[in-house]
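# Structure at a glance
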Amino acid sequence: MEKIKSHKLKKGDTVAVISPSWGGPHIFPHVFESGIAALKNLGLHIKEYSSVRKDPQFLYHNPQMRANDINHAFADKEVHAIIASIGGNDSVRILPFLDEQVIKDNPKIFMGFSDTTTINTYVNQMGLVTLNGPAIMAGFAQWNYLPTAYQNHVKEILFENPYNYEYKAFDAYVNGYLDWNDVANSEKINENLKNSGWNWLQGEAVVQGELFGGCIEVLEMMKNTKFWPDESFWKGKILFLETSEDKPSPDQVQLMLRNYGMQGIFDKISALIFGRPRDYSDSERKKMDENILNIMRIECSNEKLPIVTNMDFGHTDPQWILPLGINAEIDCKKKSFKLLESPFL
């Protein structure tokens, strides 16, 4: 499949903001405005589409309208990037209404995480490089309270288009934000926790492959639909998975992974990496790692596939931007993870 890249961002570019799933900006406008302010401070112009501030019930009953916003944003010559306001739980319902030809003919940055996984993964199957990364209300709204290393990371990926970019662990992380019902908390984060680093569970090789993945619970919603990747798609992929704020148990994650094993996906991919799980205790993290190894070694008889967990992406902050469709490398000896090509043209 032809790889379709867009252009990097520059100051003065216009960002389209959409709500492809849940109407968070309607419920918590102060948090949404904080995220918009962060983008403006980066020198970007904002264009809000019709879905953005609609109430959750309206959005739930109008999946085609949500999809039309995405189609229109891709077709809009004024727009350089599209960023989701926040996640949710039913963006899979908009996939039938996305216009594949419009999207492929007008490549541009598309970014979000959590429930935006459905759109990211489906559009990536069309060939477009998409970004698993911060949303307006989760990652940008907290900009002033997150570390400089995170701010530099976001700017480097989006504005500098790095080649051979090496990912590094952040020193600390947070499990979510303070109560959004209090307007004073619109930008604030929970207490910083020390980052214990990545867990290298198995593997000794240097492997390469295209990045692909997202929120594991959201991907479950796509299985057995026509939007799920076919068997050939998985070959050589570096599969990244993370868990949401709903906090599926380690045993639930094991059952989800079992399905990947039964599809033969673990025999096709180059590596498996997991984001740091939100709100897990140390014992739950340990159990998660044990369950992943049980699936791989006992059920799939695979003791060589590189597996790394507790990495800096997903539903904890700060999180990396991971470009779907871009070649990356995992070196088990050096314990390194890096991109092997630029995300954009």
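Residues numbered from 1 in each chain as written. Predicted model: local features only at pLDDT ≥ 70, side-chain atom pairs only at ≥ 80, totals over all residues. Heavy atoms only, no water.

Once that is clear, we can look at helix 6 (residues 117–125). Among the 9 residues that make up helix 6, 9 are buried, leaving the element largely enclosed by the rest of the structure. Within the span of helix 6, buried status applies to Thr117, Thr118, Ile119, Asn120, Thr121, Tyr122, Val123, Asn124 and Gln125. Of the residues one or two after helix 6, Gly127 is the one with positive phi, at around 115°. (Buried < 20%, exposed > 50% of the residue type's maximum accessible area, 1.4 Å probe, protein only. Helix = DSSP H or I, 4+ residues; strand = E, 2+ residues; numbered from the N terminus.)

Let us look at the side chain of Thr118. Inspection of the secondary structure puts Thr118 in helix 6. Within the structure, the side chain of Thr118 is placed 2.5 Å from the side chain of Ser91, a separation counted as a polar contact. Not counting the four nearest positions on each side in its chain, Thr118 is found in contact with Ser91, Val92, Leu95, Val218 and Met222. (Polar contact = N/O pair within 3.5 Å; in protein donor to acceptor, adjacent residues only side chain to side chain. Contact = heavy atoms within 4.5 Å.)

Taken in spatial order, the 6 strands make up an open sheet running 2-1-3-4-5-13, and their pairing is mixed. Edge positions in the sheet fall to strand 2 (45–48) and strand 13 (322–324), since each has one partner strand and no second. Averaged over all adjacent pairs, the angle separating strand axes in this sheet is 25°, with direction ignored. Examined bridge by bridge, strand 1 (residues 14–18) and strand 3 (residues 79–84) share 5 bridges and lie parallel to one another. From the neighbouring strand, Ile18 faces strand 3, where its bridge partner is Ala84. The sheet strands contacting helix 2 (residues 29–41) are strand 1, strand 2 and strand 3, and the helix crosses strand 2 at an angle near 140°. (Pairing = 2+ DSSP bridges. Axes fitted to C-alpha atoms, helices over the stretch in contact; angles between N-to-C directions.)

With respect to topology, 7 strands assemble into an open sheet ordered 8-12-11-10-9-14-15, the strand pairing being mixed. Among the strands making up the open sheet, the edge pair consists of strand 8 (199–202) and strand 15 (336–339). Neighbouring strand axes in the sheet, compared pairwise and without regard to direction, differ in orientation by 30° on average. Note that strand 14 (residues 327–331) and strand 15 share 4 bridges and pair antiparallel. Bridge assignment links Ala328 to a residue of strand 15, and that residue is Leu339.

With that settled, the discussion passes to the pairing of strand 4 (residues 109–112). Remark: a regular strand shows side chains that alternate across the two faces of the sheet. Here strand 4 shows no split at all, with Ile109 and Met111 on one side and Phe110 and Gly112 on the other all buried. Running through helix 5 (residues 100–105), the crossover from strand 3 to the neighbouring parallel element strand 4 is right-handed. Strand direction decides the pairing type here: strand 4 and strand 5 (residues 130–132), joined by 2 bridges, are parallel. Residue pairing for strand 5: Gly112 is matched across the bridge by Asn132. Once the chain exits strand 4 it traverses helix 6 before rejoining the sheet at strand 5, and the crossover so formed is right-handed. (Right-handed = clockwise from strand over helix to strand, strands pointing away.)

Topologically, Val183 is positioned in the loop between strand 6 (172–173) and strand 7 (193–194). Each C-alpha atom of the pair Val183 and Phe28 lies 8.4 Å from the other, and the pair is 155 residues apart in sequence.

Moving on, we come to the layout of surface pockets. By volume, the largest pocket is sized at about 610 Å³. Residues that form the lining of the largest pocket fall into these classes: 14 nonpolar, 10 polar and 7 charged. Size it by volume and the second largest pocket reaches roughly 160 Å³. For the second largest pocket, the full set of lining residues is Lys5, Ser6, His7, Lys8, Lys10, Asp13, Val79, His80, Pro107 and Lys108. Residues of the lining of the second largest pocket, tallied by class, amount to 2 nonpolar, 3 polar and 5 charged. (1 Å grid on protein atoms, 1.4 Å probe; cavity = no way out; pocket = protein on both sides within 12 Å on 5 of 7 lines; lining within 4 Å. Points joined across faces, edges and corners; volume = space filled by probe spheres on them. Nonpolar A, V, L, I, M, F, W, Y, C, P; charged D, E, K, R; others polar.)

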